[in-house]
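Residue strings, one per chain:
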Amino acid sequence: MKFRIRYGLQAVFRRIHINRQYKDRLFRMVFRRKRELLDLYNAVNGTEYTNVDDLTVITIDDVIYLGMKNDIAFLIGCDMNLYEHQSSWNPNMPLRGLLYFADMLRGYIEKNGLDIYSSGKIKLPVPRYIIFYNGTREAPDKSEMRLSDSFMEYAGEAALECRAVLLNINKGYNKKIMDKCKRLSDYAYFIQAVRDFAVKEQSLEKAVSLAVEECIEKDILADILRKNRAEVMNVVLTSYNVKQHNQTLKREGREEGIRAMVEVCRELDIPDAIIKEKLKEKFNLNDMDADRMLDN
């Protein structure tokens, strides 16, 4: 039944052609001011910082060689924080985090005139990586993703690791954090409102407009939606590559089918080694992709 429901939801979202990237950009809009970002940090960490000047934004606008952007990065105390939002499940976030942190640490070293060739040990801020997830895939309140989960089989200890803490920010999850950070709770409400109206409306533009009106009426992100309504609408309705979008949907639908088959095989107590060989045979997967299907 869960399998059929999942595919039913996918069908709805395919029909209305939602641009999933809009939530990433909207997340940056919601938390682009230091006050809101400080409140979010306090809610996540259980701290009580009050001075916005304690926070220094270091967001990377563009990592040119990969064409990637991060959502929000900032320094506070001894922490170098990377906050990323994800609306679709991406097991490669720890790898992205590693690349982001490498660039941010390079910038920190250059800005502070530190010499990595000196005889003294350089003191560095502690990397903290949080992923705020509100996709439709089921996820607990809190979980971890590690770079080492992506490594091929090896003997011994790896030289690198990157740990990402994933927080589910869908409506109804992480109540303690939501209660402490109204901005995050409002953001989750708005996204859910867009989804709810999108199921009912043929036009995504109409769905977003209704969600905006409802949130303004209920004083949810009202300051942003009143002053920047056109910008929010534009962010949500930004054009996307239709061909690439359809290819992504096709690939994700195929992977969902493979994972469902893996679940059935495991319920029948078929060993993973046999399942892996069947995946390689039936779906023409290499060893790495077959292992990924077994791990997720």
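Up top is the structure.
Residues numbered from 1 in each chain as written. Predicted model: local features only at pLDDT ≥ 70, side-chain atom pairs only at ≥ 80, totals over all residues. Heavy atoms only, no water.

Moving on, we get to the packing of helix α6 (residues 182-200) against helix α7 (residues 204-217). Close contact between α6 and α7 brings their axes to 8 Å; oriented N to C, the two are set at 135°. Classified by the angle their axes make, α6 and α7 are oblique. With respect to the hand of their crossing, α6 and α7 are arranged in right-handed fashion. Together, Tyr189, Phe190, Ala193, Val194, Phe197 and Ala198 of α6 and Ala207, Val208, Leu210, Ala211, Val212, Glu214 and Cys215 of α7 make up the contact between the two elements. For the contact of α6 with α7, the per-class residue count stands at 12 nonpolar, no polar and 1 charged. (Axes fitted to C-alpha atoms, helices over the stretch in contact; angles between N-to-C directions. Helix = DSSP H or I, 4+ residues; strand = E, 2+ residues; numbered from the N terminus. Parallel < 35°, antiparallel > 145°, perpendicular 65-115°, else oblique. Left-handed = near helix turned anticlockwise from the far one by under 90°. Contact = heavy atoms within 4.5 Å. Nonpolar A, V, L, I, M, F, W, Y, C, P; charged D, E, K, R; others polar.)

Among all residues except glycine, the phi angle is most often negative; among peptide bonds, the trans geometry is most common. One non-glycine residue with positive phi stands out, namely Asn174, at about 45°. Relative to the assigned elements, Asn174 resides in the loop between β6 (163-168) and α5 (175-180). Exposure remark for Asn174: the relative accessible area of 12% places this residue in the buried category. A positive phi is found at Leu221, a non-glycine position, where the angle reads about 55°. Along the polypeptide, Leu221 turns up in the loop between α7 and α8 (222-227). (Buried < 20%, exposed > 50% of the residue type's maximum accessible area, 1.4 Å probe, protein only.)

For strand β3 (residues 79-86), the buried fraction is high: 8 of the 8 residues fall into the buried class. Burial along β3 is two-sided: the residues Asp79, Asn81, Tyr83 and His85 and Met80, Leu82, Glu84 and Gln86 are all buried. Two strands pair when backbone bridges link them, and strand β2 (residues 72-76) and β3 are joined in this way by 5 bridges, in the antiparallel orientation. When the bridges of β3 are listed, Phe74 appears paired with Asn81. In the sheet, β3 pairs with strand β4 (residues 126-133) via 8 bridges, with the strands oriented parallel. (Pairing = 2+ DSSP bridges.)

A word on helix α11 (residues 272-283). With 12 residues, α11 extends 16 Å from end C-alpha to end C-alpha; this agrees with the ideal 16 Å at 1.5 Å per step. Ile275, Lys276 and Leu279 are the residues of α11 that are buried. Taken around the axis of α11, the buried residues stretch over an arc of 100°, which confines them to a single face. Those residues of α11 that are exposed and aimed more than 90 degrees away from the buried face are Ala273 and Glu281. Just downstream of α11, Asn284 is the residue with a positive phi angle, here 55°. (Expected span 1.5 Å × (residues − 1). Arc of directions from axis to C-beta.)

Look at α11 against helix α12 (residues 287-295): their axes get within 9 Å of each other, and the N-to-C directions meet at 125°. When the axis of α11 is compared with that of α12, the two are oblique. Pair α11 / α12 crosses with right-handed handedness. Contact residues: Asp272, Ile275, Lys276, Leu279 and Lys280 in α11; Asp287, Ala290, Asp291, Met293 and Leu294 in α12.

Next up on the list: the pattern of salt bridges. All told, the structure shown has 18 salt bridges when counted by the stated rule. The closest approach of N and O atoms between Asp223 and Arg33, which form a salt bridge, is 3.6 Å. Of this pair, Asp223 sits in helix α8 while Arg33 sits in the loop between α2 (22-30) and α3 (34-45), and the two are 190 residues apart along the sequence. Among the residues examined, Asp223 registers a relative accessible area of 30% and is labelled partly exposed. Accessibility expressed as a relative area gives 47% for Arg33, which makes it partly exposed. Note that Glu84 and Arg96 form a salt bridge whose closest N and O atoms lie 2.9 Å from each other. Residue Glu84 is found in strand β3, and its partner Arg96 is found in helix α4 (residues 93-111); the two are separated by 12 residues along the sequence. Arg96 matches Glu84 in its accessibility class, with the two residues each being buried. Linked through salt bridges whose partners overlap, the residues forming this network are Arg33, Glu36, Arg183 and Asp223. (Salt bridge = Lys/Arg side-chain N within 4 Å of Asp/Glu carboxyl O.)

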